[in-house]
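Residues per chain are reported as follows:
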Amino acid sequence: MNKTFKLTFALFLLLVLALTWLEATEPEPVNWSPSYVAKDKIPLGSFVFFESWKKSISSEIEEIKIPPYEFFMQDSLPQGTYFFLNHYIAFDDDELNNLLEWVEKGNSAFISADYLSMNLLDTLDLEINEFISNKDFTSRPKFNLVNPELKSAESYKLDHDIEAIFFSKIDTARHTVLGVANLEEEVTSKEQKINFIKAPFGNGQFLLHTSPQAFSNYFLLSENNHEYAEKVLSYIDDNGQILWDGYYKSGKTFYSSPLYILLNRRSLKWAYYFVIIAGVLFIIFEGKRKQRPIPVVNPQKNQTYEYTQTIADLYLEQKQYKELATKKNELFLEYIRLHYRIPTQEINEQFYLDLSSRAGKTTEEAKELFNRINQIKSRAQISKEEFLVSSRAINEFKDIKDGKRRNTT
């Protein structure tokens, strides 16, 4: 890596670490997601409401975690009130028919949701709508009840924007208005928005409420808002069985992800993210396939000449000129056999004729060379000058021949 690349990588890593530190030290944002799960302690969870209600009544609250359709398929069904609390409630037709049959037998269904099932609204001849303040486009309704014995002098309010849903159409001959939700402190009766009604059905009844936020942790823990929830629950017969719907919930009733423990704690969550970031960086910069360095093996040099030179130097140092001349003569005969294709077993007139014709020399020159070779061969010792003269004669004989061949090609 060059210096520029190392500096860029260091700056990038420093930036990642700084962003990670800033994110990890930032205050945990408030989760305003609608949940309404009995165990959720977030602002729009229903932990406070569920636990308080469970302690304030004598009967037991049974939490139903299966779809209502499956619950109503049981052979024996309890009598009482089925309590639905969620951001939205959407029954399919078969499920709604089962619920209607159960309510018709003298039971109650309490449903508090921003958006009610359309087939339920059609069955009860109801319509819902949303309203927003004309002044500052905020949506912070104030809740109250219409019964003089339950109505509060000051409306119960929530200092957080929510969806203000109300009943825009009811059957005044059959339905009873129980509560209202207004955006102004002082309004006329014509301007009141209905958010809580009672709709009889057979021998039973539906209690429909369009402001589930009134049962959230945040609302109940603000000022004296818990009184509003108590007054709303007064319309429910708590002597019967209370069936708490644990199926229609926007939040999770249980955590199926094995990473929940990690992601639920800020320190563990950012440790987990940091491991992922480190893994990505490792893949980018160190994940390439590595191989052991292969040593460069140079081909073996042909050192025949150097070897021959070394041997010759040994002979020269030991002044073995006769042995050097003998080796030189033997190499010359080998040269004749290989290059001129002439046998050297017999040195006779025919040999001289063949050699001179193929070597481009005269017969006399060939004979003179071999006479010199035979003289050296017959002697026991020779001098250095005699070896050099003989060796030079052989080289000149070969060089003339080679030169002729190069010229002819």
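About the criteria used
Residues numbered from 1 in each chain as written. Predicted model: local features only at pLDDT ≥ 70, side-chain atom pairs only at ≥ 80, totals over all residues. Heavy atoms only, no water. Helix = DSSP H or I, 4+ residues; strand = E, 2+ residues; numbered from the N terminus. Buried < 20%, exposed > 50% of the residue type's maximum accessible area, 1.4 Å probe, protein only. Contact = heavy atoms within 4.5 Å. Areas by Shrake-Rupley, 256 points an atom, 1.4 Å probe, with all protein chains shown as cover. Patch = residues over 30% accessible without salt bridge, like charges linked within 9 Å, V, L, I, M, F, W, Y side chains within 5 Å. Salt bridge = Lys/Arg side-chain N within 4 Å of Asp/Glu carboxyl O. Phe/Tyr/Trp six-rings, centres within 6.5 Å; stacked < 30°, edge-to-face > 60°. Pairing = 2+ DSSP bridges. Axes fitted to C-alpha atoms, helices over the stretch in contact; angles between N-to-C directions. pLDDT = per-residue confidence, 0-100.

A. Quick look at the overall build of the chain. Each helix and strand counted, the chain has 14 helices and 11 strands in total. Out of the 409 residues belonging to the chain, those deemed buried represent 37%. By sequence separation, contacts in the chain at least 24 residues apart represent 68% of the contacts at least 6 residues apart. Carbon and sulfur atoms form 53% of the exposed surface of the chain, whose accessible area is close to 25700 Å².

B. Just a nonpolar patch on the surface, in detail. On the surface, a nonpolar cluster with roughly 460 Å² of combined accessible area is contributed by Leu15, Leu19, Trp21 and Leu22. Within the secondary structure, Leu19 is located in helix 1 (residues 3–25).

C. Expanded view of the pattern of salt bridges. This structure, assessed with the given rule, holds 8 salt bridges. Linking Lys169 and Asp125 is a salt bridge whose minimum nitrogen-to-oxygen distance equals 3.2 Å. In this pair, Lys169 is assigned in strand 7 (residues 165–169) and Asp125 in the loop between helix 5 (118–124) and strand 4 (127–130), connecting sequence segments 44 residues apart. Given the relative accessible area of 36%, Lys169 is considered partly exposed.

D. Layout of the packing of aromatic side chains. The full count for this structure, using the stated rule, is 35 aromatic pairs. Geometrically, the ring pair formed by Tyr247 and Tyr248 is edge-to-face, given 5.2 Å between the ring centres and 80° between the ring planes. On the basis of relative accessible area, Tyr248 is assigned to the buried category, the value being 14%. In this structure an aromatic cluster arises from ring pairing among Phe49, Phe50, Trp53, Phe83, Phe110, Phe196, Phe215, Tyr235 and Trp244.

E. Highlighting unusual backbone geometry. With phi around 65°, Tyr36 is a residue other than glycine that occupies positive phi space. Note that Tyr36 resides in the loop between helix 1 and helix 2 (47–56). A relative accessible area of 0% means that Tyr36 is categorised as buried. The phi dihedral of Asp125 falls on the positive side, at around 60°, and the residue is not glycine. Accessibility expressed as a relative area gives 33% for Asp125, which makes it partly exposed.

F. The arrangement of the sheet that holds strand 2 (residues 80–85) in detail. Ordered in space as 1-11-2-3-10-9-8-5-6, the 9 strands form an open sheet in which the pairing is mixed. The sheet terminates laterally at strand 1 (61–64) and strand 6 (156–157), the two strands that pair on one side only. Sheet topology note: the strand 5 (residues 142–145)/strand 8 (residues 176–182) ladder contains 4 bridges and is antiparallel. What sits directly across from Asn144, in strand 8, is Val180. Taken strand by strand, helix 2 contacts strand 1, strand 2 and strand 11 (241–245), and its axis lies near 170° from that of strand 11. Across the face of the sheet, helix 4 (residues 93–104) comes into contact with strand 2, strand 3 (108–112), strand 9 (193–201), strand 10 (204–209) and strand 11 while running at roughly 120° to strand 10.

G. Representation of the confidence of the model for the chain in the model. Confidence in the prediction of the chain, expressed as mean pLDDT, is 83, and 87% of residues score 70 or more. Low pLDDT, under 50, characterises residues 185–189; the stretch is placed with 3 contacts to residues that sit more than four places away or in other chains. Scored below 50 in pLDDT, residues 400–409 shows 8 contacts in the model against residues more than four places distant or in partner chains.

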